[in-house]
Structure formats: C-alpha cells, structure tokens
Amino acid sequence: MSARRSEPALDVLDRIAPVLSLLPDAALEAVTDRFIPADVQASNVPGYGQETFLAGARVDRQYGMGPLPRVAMMAVLISRAGICTVTFRYDTASFIAQDQLEKSLQLGFDEVIDLGRPRPGRRGTPK
C-alpha cells in the first residue's frame, strides 16, 4: 500500500499542468479528456458459486467495501452462490445531499429489478 501511495504517476496532471495551460482550449480539452478520471468507478467481484461456511456458519452474503481511488464514488458488486450485493462508498464532500443520493440509487435499483420481473404477454412467460 505504501508503494502504491508513492507512485509518481498518481499526480501526473499536477506535474504537467503548467505545460497544459499554454495549449489552446480545443487542444487542452482533447488532452484532459484522456487524463481526468471519472466521478464514479465500478467493480465486479465474482465470488464463490457454491455455499461457503465460516466457523461452521453459512455465509449468506458478502459486502464489498471498495476504496475511493481519486473518485467521488466507488460501486462494488459481489456475487456469491447466486446472490449479488452492491455497495457504494462515496466522498461525503462530493455528495452533499446524501439522503437524496441514497433515494435515487434505491429508485434506480427498484426500476432495474422491476424490469426483470415476468409480465403477462412477454415471450417465455405464461399469459
């Protein structure tokens, strides 16, 4: 971890900013679009496909706590024995209305789950 934190490439933009400031706006945008990280990063971690046990107790779920690698939010999906969990870790300074963020995330998941429910008249479902 210490070696990663001292990686010189982590602050590459800070080092080349004086040169970039001399570029025309169109050229600067073309360059920075390639360097500026996204606000949200997502990760998918496949887990074990079968039941697992810890000290004799069955593990029902596993939650991922991803880092915030210079992004405002990290989303982690972990699958385990047919069950998926999604966790979000975010910078509270970047999201000042946390209750609104959480409600929006919940509404988004509700919508996706609803789309996967069988509906009469859909191909492969009873009418």
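Up top is the structure these notes are about.
From a predicted model like this one, the values you see are computed outputs, not experimental measurements.

Student: Describe in detail the environment of P67, supporting the description with residues and values.
Tutor: With respect to the helices, strands and loops of the structure, P67 is situated in the loop between β3 (57-58) and β4 (73-80). The class for P67 is partly exposed, based on a relative accessible area of 47%. For the pair P67 and R89, spaced 22 residues apart in the sequence, the C-alpha separation amounts to 7.5 Å. Those residues in contact with P67 that sit more than four places away from it in its chain are M74 and R89.

Student: Now, about the pattern of salt bridges: what can you tell me, with residues and values included?
Tutor: Should the charged atoms of two oppositely charged side chains come close, the side chains can pair. Per the stated rule, a full pass over the model turns up three salt bridges. Across the pair D114 and R117 runs a salt bridge, and its minimum N-O distance is 3.5 Å. Residue D114 is classed as partly exposed on the basis of its relative accessible area of 31%. R119 is the salt-bridge partner of D114, the closest N and O atoms lying 2.8 Å from each other. Residues participating in the shared-partner salt-bridge network are D114, R117 and R119.

Student: An account of the packing of aromatic side chains is requested, with residue identities and associated values reported.
Tutor: In the structure shown here, the tally under the stated rule is two aromatic pairs. Geometrically, the ring pair formed by F88 and F109 is edge-to-face, given 6.0 Å between the ring centres and 70 degrees between the ring planes. Within this pair, whereas F88 is found in strand β5 (residues 83-90), its partner F109 is found in helix α4 (residues 98-115), the two being separated by 21 residues in sequence. On the basis of relative accessible area, F109 is assigned to the partly exposed category, the value being 33%. Ring geometry for Y90 against F95: centres 5.6 Å apart, planes inclined by 75 degrees, an arrangement best described as edge-to-face.

Student: How would you explain the sheet that holds β5 if you had to name every residue and give the values?
Tutor: Picture the strands of a sheet paired through backbone hydrogen bonds; they go either parallel or antiparallel. The strand order β1-β4-β5 describes an open sheet built from three strands, whose pairing is mixed. Each edge of the open sheet is held by one strand with a lone partner, namely β1 (40-46) and β5. In this sheet, neighbouring strand axes are inclined to one another by 15 degrees on average, regardless of whether the strands run parallel or antiparallel. Relative to β4, β1 runs parallel, the two being bridged by seven bridges. Bridging across to β4, Q41 finds its partner in M74.

Student: Now, about the side chain of T52: what can you tell me, with residues and values included?
Tutor: Considering the arrangement of structural elements, one finds T52 in the loop between β1 and β2 (53-54). Polar contacts involving the side chain of T52 include one to the side chain of R80, which spans 2.3 Å.

Student: Outline the side chain of T85, listing residues and values.
Tutor: With respect to the element layout, T85 can be found in strand β5. Residue T85 is classed as buried on the basis of its relative accessible area, which comes to 7%. Here Q62 takes part through its backbone oxygen, which lies 2.5 Å from a polar atom of the side chain of T85. If we skip the residues at most four places from it in the chain, T85 touches R61, Q62, Y63, V76, L77 and I78.

Cut-offs applied
- Residues numbered from 1 in each chain as written.
- Predicted model: local features only at pLDDT ≥ 70, side-chain atom pairs only at ≥ 80, totals over all residues.
- Heavy atoms only, no water.
- Helix = DSSP H or I, 4+ residues; strand = E, 2+ residues; numbered from the N terminus.
- Buried < 20%, exposed > 50% of the residue type's maximum accessible area, 1.4 Å probe, protein only.
- Contact = heavy atoms within 4.5 Å.
- Salt bridge = Lys/Arg side-chain N within 4 Å of Asp/Glu carboxyl O.
- Phe/Tyr/Trp six-rings, centres within 6.5 Å; stacked < 30°, edge-to-face > 60°.
- Pairing = 2+ DSSP bridges.
- Axes fitted to C-alpha atoms, helices over the stretch in contact; angles between N-to-C directions.
- Polar contact = N/O pair within 3.5 Å; in protein donor to acceptor, adjacent residues only side chain to side chain.

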